[in-house]
Amino acid sequence: MATFGTLSDRLTETFRNLRTKGKLSPADVDGTVREIRRALLDADVALVVVKDFTAKVRERALGDEVSKALNPAQQVVQIVNEELVAILGGEQRRLEFAKNPPTVIMLAGLQGSGKTTFAGKLAKQLEGEGHTPLLVAADLQRPNAVNQLQVVAERAGAAIYAPEPGNGVGDPVKVSKDGVEHARRQQHDVVIIDTAGRLGVDAELMKQAADIRRATDPDEVLFVIDAMIGQDAVNTAKAFQEGVDFTGVVLSKLDGDARGGAALSVASVTGRPIIFASTGENLEDLEQFHPDRMASRILDLGDILTLIEQAQQAFDEEEAKKVAEKLANEAFTLEDFLEQLQQMKKMGSMKKMLGMLPGMGQMKQQLEDFDEREIDRTEAIIRSMTPGERRNPKILNGSRRLRIANGSGMTVTDVNQLVQRFEQAAKMMKTVARGGTPQLPGMGPMGKPGASAKRGRKGSKSKGGSRSGNPAKRAAENAGLAGANATPTGSGFGLGGAQQAPSEADLAEIQKLFGKR
């Protein structure tokens, strides 16, 4: 996540230096702990949390569990990971629902912390889990707050209770209490109360929030805090805990580029668990907070479990089996590939997904340079083909390629690269699905570079040419034919970047996907 990017970089660099040492001396441990302390303080983690954290890490790092370990450096990384999980709250805590509906969830926090957006995200997530949430517009102070919640509710497909226009008109305590009764009558099983905030903590804000809590007796009071506000995060959390108290924390704006370390302090300082992490502007950008997974992301150890969960939600298991069978039987077409692309888009941002892979922190620049629109361009090219062309790309002659390029707003070269990449990838995946070793582009079988280079050059001679009477069209069609046999240079499926052969580890992972161990 962008918010913890600087902290992650600093810690990763510290451990990289540590791994060069075969045995750790007390001086090595002290130096490492000193670097960790600096990294945490620079990231705005509260001083009391930093002191406690580094003291525990130093004590354990100088103990027997490290001195007797086969890999002392790796053991220190494990200790830091475990202690980081501890300050993030230890175990995951999910929402607790009432035995007798409706479950009342009250949102509290400062103005601008993201309460209203989170209300819509939570409603959408609960809808997907089979609940029937009702949003209650109890923020009657901020201009247009009621209208904003109405828009968010409509986007989320959730019901809303908004009897007052807001903008300073109406009693928020009465609206909240009546909203719960309305939900009970209409058989909504969850009520989400969006309360007012202030630019800063004051007595009026606390009194109103406390009155709403007494009137509605909520099952959950979620404190929504902006992960980018720095050291004020701790002070604000303490003030809300003393004035209203809350049962859980929501970290919002985790996709921002601020240091964000103060957000790590909230669970430790207040003793209340972080339940949700809000990571973007879209209503789908809401995650259950897992302390162990967040710690892994910060230490650049990846978050494969979250990635798998997102894939399971987006991909249909039966459809995946059909695709595997088609790959093994050489029946995988561009139509199938288009369906896979559409399912991938359901998972959200490709950058975000790639960032969950272990070690991707070391490829930050490549991730930044990745163009999310590449998938849209690939989809545009495939959609510009006829069903027959998608099923059998071999019929794509120069004139067809030119028509597809014009129809998709791309170039003939882009079309050529897409087709070539698709054919190569389909062959490789088919070989892997059968348990074999794929032949990589420009190479023989794995481990024999250049074995097929001559063969590729022999087969590059163009067969025939365009017969169009229009010189410009004839040149474009001939370019399409010539490109069909050219060495591909694009990334992914033909759009931009340089070609890279997969490693043996990558191939092993692909084989696992198809059940080949």
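Overview of the structure. (Residues numbered from 1 in each chain as written. Predicted model: local features only at pLDDT ≥ 70, side-chain atom pairs only at ≥ 80, totals over all residues. Heavy atoms only, no water.)

Of regular secondary structure, the protein chain possesses 24 helices and eight strands. Looking at the protein chain as a whole, 47% of its 517 residues are labelled buried. Partitioning the intrachain contacts of the protein chain with sequence separation of at least 6 by distance along the chain shows that 73% fall at a separation of at least 24. For the protein chain, the computed accessible surface area is about 25600 Å², with 49% contributed by carbon and sulfur atoms. (Helix = DSSP H or I, 4+ residues; strand = E, 2+ residues; numbered from the N terminus. Buried < 20%, exposed > 50% of the residue type's maximum accessible area, 1.4 Å probe, protein only. Contact = heavy atoms within 4.5 Å. Areas by Shrake-Rupley, 256 points an atom, 1.4 Å probe, with all protein chains shown as cover.)

Before going further, it helps to examine the packing of helix α5 (residues 72–87) against helix α12 (residues 291–298). Each pair of packed helices can be described by the angle between their axes along with the distance between the axes. Across the interface, α5 lies against α12 with an axial gap of 8 Å and an inter-helix angle of 130°. The angle between α5 and α12 places the two elements in the oblique class. As for the relative orientation of α5 and α12, their crossing is right-handed in sense. Note on element contacts: α12 touches α5 through P291, D292, A295, S296 and I298, opposite N81, L84 and V85. The class makeup of the residues in the contact of α5 with α12 is five nonpolar, two polar and one charged. (Axes fitted to C-alpha atoms, helices over the stretch in contact; angles between N-to-C directions. Parallel < 35°, antiparallel > 145°, perpendicular 65-115°, else oblique. Left-handed = near helix turned anticlockwise from the far one by under 90°. Nonpolar A, V, L, I, M, F, W, Y, C, P; charged D, E, K, R; others polar.)

Below, the discussion takes up the pairing of strand β2 (residues 133–138). Burial runs high along β2: six of the six residues are buried. Here β2 shows a buried face lined by P133, L135 and A137 and a second buried face lined by L134, V136 and A138. Bridging between β2 and strand β4 (residues 190–195) involves six bridges; their strand directions are parallel. Directly across from A137, in β4, lies its bridge partner D194. Handedness of the crossover joining β2 and strand β3 (residues 159–161) through helix α7 (residues 145–156) is recorded here as right-handed. (Pairing = 2+ DSSP bridges. Right-handed = clockwise from strand over helix to strand, strands pointing away.)

Close contact between helix α9 (residues 203–216) and helix α10 (residues 232–243) brings their axes to 10 Å; oriented N to C, the two are set at 50°. Here α9 is positioned oblique relative to α10, judged by the angle of their axes. Relative to α10, α9 is oriented so that their crossing is right-handed. Every residue of α10 that contacts α9 at L205, M206 and A210 is listed here: A239, F240 and G243. Looking at side-chain class alone, the contact of α9 with α10 contains five nonpolar, one polar and no charged residues.

Our next topic: the environment of D202. For D202, the position within the fold is in the loop between β4 and α9. Looking at D202, the relative accessible area reads 30%, which means it is partly exposed. Note: C-alpha distance between D202 and A239 (37 residues apart in sequence) is 9.3 Å.

Bringing α12 into the picture now. Counting buried positions along α12 gives seven out of eight residues, so the element sits mostly inside the fold. Within the sequence span of α12, burial applies to P291, R293, M294, A295, S296, R297 and I298.

What the rule picks out here adds up to three aromatic pairs. Judged by centre distance (5.0 Å) and plane angle (35°), the ring pair of F223 and F240 falls under tilted. Here F240 lies in helix α10 and F223 lies in strand β5 (residues 220–226), a separation of 17 residues in the sequence. In this structure, F223 and F240 share a single accessibility class: buried. (Phe/Tyr/Trp six-rings, centres within 6.5 Å; stacked < 30°, edge-to-face > 60°.)

Here we come to the sheet that holds β4. The strand order β3-β2-β4-β1-β5-β6-β7-β8 describes an open sheet built from eight strands, whose pairing is mixed. In this open sheet, the two edge strands, each paired with only one partner strand, are β3 and β8 (286–288). Across the sheet, the mean angle from the axis of one strand to that of its neighbour is 25°, orientation sign disregarded. Sitting on the sheet, helix α6 (residues 115–128) is in contact with β1 (103–108), β2, β4, β5, β6 (248–252), β7 (274–278) and β8, with an inclination near 170° to β4.

For the rest of this paragraph, the subject is the nonpolar core. Ranked by internal contacts, the top residues of the largest apolar core, which has 93 residues, are F118, I192, L222, F240 and F276. In terms of residue count, α5 provides more of this core than any other element does, eight residues in total. Apart from the residues lying within four places of it in its own chain, the contact partners of L222 are L95, I105, M106, L107, A108, F118, T247, G248, V250, I275 and F276. Ranked by size, the runner-up nonpolar core spans 19 residues in total, among them F332, I382, M410 and L418. (Core = buried A, V, L, I, M, F, W, Y, C linked by side-chain atoms within 4.5 Å.)

What follows covers the pattern of salt bridges. All chains considered together, the criterion is met by 15 salt bridges. Residue E35 pairs with R38 through a salt bridge whose shortest N-O separation is 3.0 Å. Remark: R38 and E35 occur in helix α2 (residues 26–42); sequence separation between them is three residues, near one turn of the helix. What makes E35 partly exposed here is its relative accessible area of 30%. Of the charged contacts, one joins E83 and R60 as a salt bridge, the two residues approaching to 3.0 Å between their closest N and O atoms. Here the residue E83 occupies a position in helix α5, and R60 occupies one in helix α3 (residues 47–61), the gap between them amounting to 23 residues. On the accessibility criterion, R60 (22% relative accessible area) is partly exposed. Each member of the salt-bridge network shares a partner with another, and the members are R60, E82 and E83. (Salt bridge = Lys/Arg side-chain N within 4 Å of Asp/Glu carboxyl O.)

Counted at 1.5 Å a residue, the expected span for helix α8 (residues 172–185) with its 14 residues is 20 Å, and the 20 Å between its end C-alpha atoms agrees. All of the buried residues along α8 are P172, V175, S176, G179, V180, H182 and A183. Seen end-on, α8 carries its buried residues on one side only, within an arc spanning 160°. Along α8, exposed side chains directed more than 90 degrees from the buried face belong to K174 and R185. Packed against the buried residues of α8 are β1, β2, β3, β4 and α9. Where α8 begins, the capping side chain belongs to D171, and its oxygen is found 3.1 Å from the backbone nitrogen of V173. (Expected span 1.5 Å × (residues − 1). Arc of directions from axis to C-beta. Polar contact = N/O pair within 3.5 Å; in protein donor to acceptor, adjacent residues only side chain to side chain.)

The next subject is the environment of P72. One can find P72 in helix α5. Assessed through its relative accessible area of 8%, P72 is described here as buried. Between the C-alpha atoms of P72 and K23, which are 49 residues apart in sequence, the distance is 6.5 Å.

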